[in-house]
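Chain residues, written in single-letter form:
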Amino acid sequence: MAVPPSLALSDGVRIPQLLFGVAGLSAAETGRAVRIALDTGYRGIDTIPGTETAVGAVLAAAEVPREDLFVSVHVPAQGYDTARRAADQALEALQLDRVDLCLLEGTKGAFADTWRALSRLRADGRARSIGVAGFGVSELRRLIDATGSVPVVNQIELHPWLQQLPLREFHAERGIVTAAASPAANAALLSDETVTALAAKYGKTPAQIVLRWHLQNDTVAVAASATTTRIRENFGIFDFELADDDLAVVAELDNGTRV
C-alpha cells in the first residue's frame, strides 16, 4: 500500500500531502467514505463541524494505530470561550485526546481571540499544531501582528484555475504550508480540455492529474468524495510525475475562477 508523502510544518509536525476531506458529505456518507478512505490507505482526515461524531466512530473501530493518523478539525472564529468549547466538543465527538491540526475557520468576528483559544489548546497538548483556513495576506498580517504567532497551515481555495500566487509567496516567506480545499474546483476542472488531454497522455484520470499538480507544487490537497471509485482513484497519484513542461502548461490555466 502506498504511503502518501508528507510535508514538515514549521513546528516540526509532518502533514500528509493528501488528506481525505468530508466537506459536502452527509453523516451517513461521511462514515462510509472515511472507512473506504482508511482501507485505501489515506491516513489524513480533514473533518468539518458536524462530521466529528461520524468520523470518530470510524476511527475508533479502525485497525489503524493512532500514531499513523493525522486528524484535523475546524473551529469557527467565535471568540475565546466559545472556541474552547467547540474544540472540546469536537475532540469528544472524535473520541480523541488530541487532534493533529486545529484550524481557525473564517476571518470575520473575533478571530484573534479565537486564535488565542487554539494556542491554549496546543499548550495543553490537545492539538499538536494550529493553523487557519480561508485567510488572505491582509488577514494573516493582522493575526500575526495581533498575536505574535504564525499559523503553520492556511487552508484555502486553490486549484489550477485559482493559483493564488501572491498568497502562496507570503506563505513561503513566513513558513506557512498551503493546503488546498476544493483542489479540483469542485470537480469543474475535471472536464477542462488541458487537464483531460494530460490525463490521456499519462493514462490517468483528470482528478489524478490535478492532485499530482498539487503535490508537485508542495501543497496539501484535501480530496473529498463519497464515491468508492473516486476515493480510490484519488489515492493513485504516487506512481507518476508530471514533466516540467506539463506543469508549465497547467500553470497557464490560472484565470482567477473561484468556486
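Residues numbered from 1 in each chain as written. Predicted model: local features only at pLDDT ≥ 70, side-chain atom pairs only at ≥ 80, totals over all residues. Heavy atoms only, no water.

- Within an unreviewed UniProt entry, the label attached to the protein chain reads Aldo/keto reductase, and the organism entered is Amycolatopsis mediterranei.
- Quoted verbatim from the Sequence similarities (unreviewed entry) field of the UniProt record, the comment on the protein chain reads "Belongs to the aldo/keto reductase family." (UniProt positions renumbered as here; feature names shortened; annotations may be inferred.)

1. Focus on the pattern of salt bridges
Piece 1. Enumeration according to the criterion identifies ten salt bridges in this entry.
Piece 2. Linking Asp88 and Arg126 is a salt bridge whose minimum nitrogen-to-oxygen distance equals 3.2 Å. Of this pair, Asp88 sits in helix 3 (residues 80-94) while Arg126 sits in the loop between helix 4 (111-123) and strand 7 (127-133); the two residues are 38 residues apart in sequence, bridging distant segments of the chain.
Piece 3. For Asp88, a relative accessible area of 30% translates into the label partly exposed.
Piece 4. By relative accessible area, which is 26% here, Arg126 ends up partly exposed.
Piece 5. The shortest N-O distance in the salt bridge between Arg212 and Glu241 comes to 3.9 Å. Residue Arg212 is found in helix 8 (residues 206-216), and its partner Glu241 is found in the loop between helix 9 (228-234) and helix 10 (244-251); the two are separated by 29 residues along the sequence. (Salt bridge = Lys/Arg side-chain N within 4 Å of Asp/Glu carboxyl O. Helix = DSSP H or I, 4+ residues; strand = E, 2+ residues; numbered from the N terminus. Buried < 20%, exposed > 50% of the residue type's maximum accessible area, 1.4 Å probe, protein only.)

2. A short note on the packing of helix 1 (residues 27-40) against helix 2 (residues 52-61)
Piece 1. Interaxial distance between helix 1 and helix 2 falls to 8 Å at its minimum, and their mutual angle equals 35°. The two elements helix 1 and helix 2 meet at a crossing, and its hand is right-handed. Contacts between helix 1 and helix 2 involve Ala27, Thr30, Gly31, Val34, Arg35 and Leu38 from the first element and Ala54, Val55, Val58 and Leu59 from the second. (Axes fitted to C-alpha atoms, helices over the stretch in contact; angles between N-to-C directions. Left-handed = near helix turned anticlockwise from the far one by under 90°. Contact = heavy atoms within 4.5 Å.)

3. Considering the pairing of strand 10 (residues 220-224)
Piece 1. Most of strand 10 sits inside the fold, with four of its five residues counted as buried.
Piece 2. Note that strand 3 (residues 18-21) and strand 10 share four bridges and pair parallel. Paired with Leu19 across the bridge in strand 10 is Val222.
Piece 3. Bridging between strand 9 (residues 177-181) and strand 10 involves two bridges; their strand directions are parallel. Paired with Ala180 across the bridge in strand 10 is Ala221. (Pairing = 2+ DSSP bridges.)

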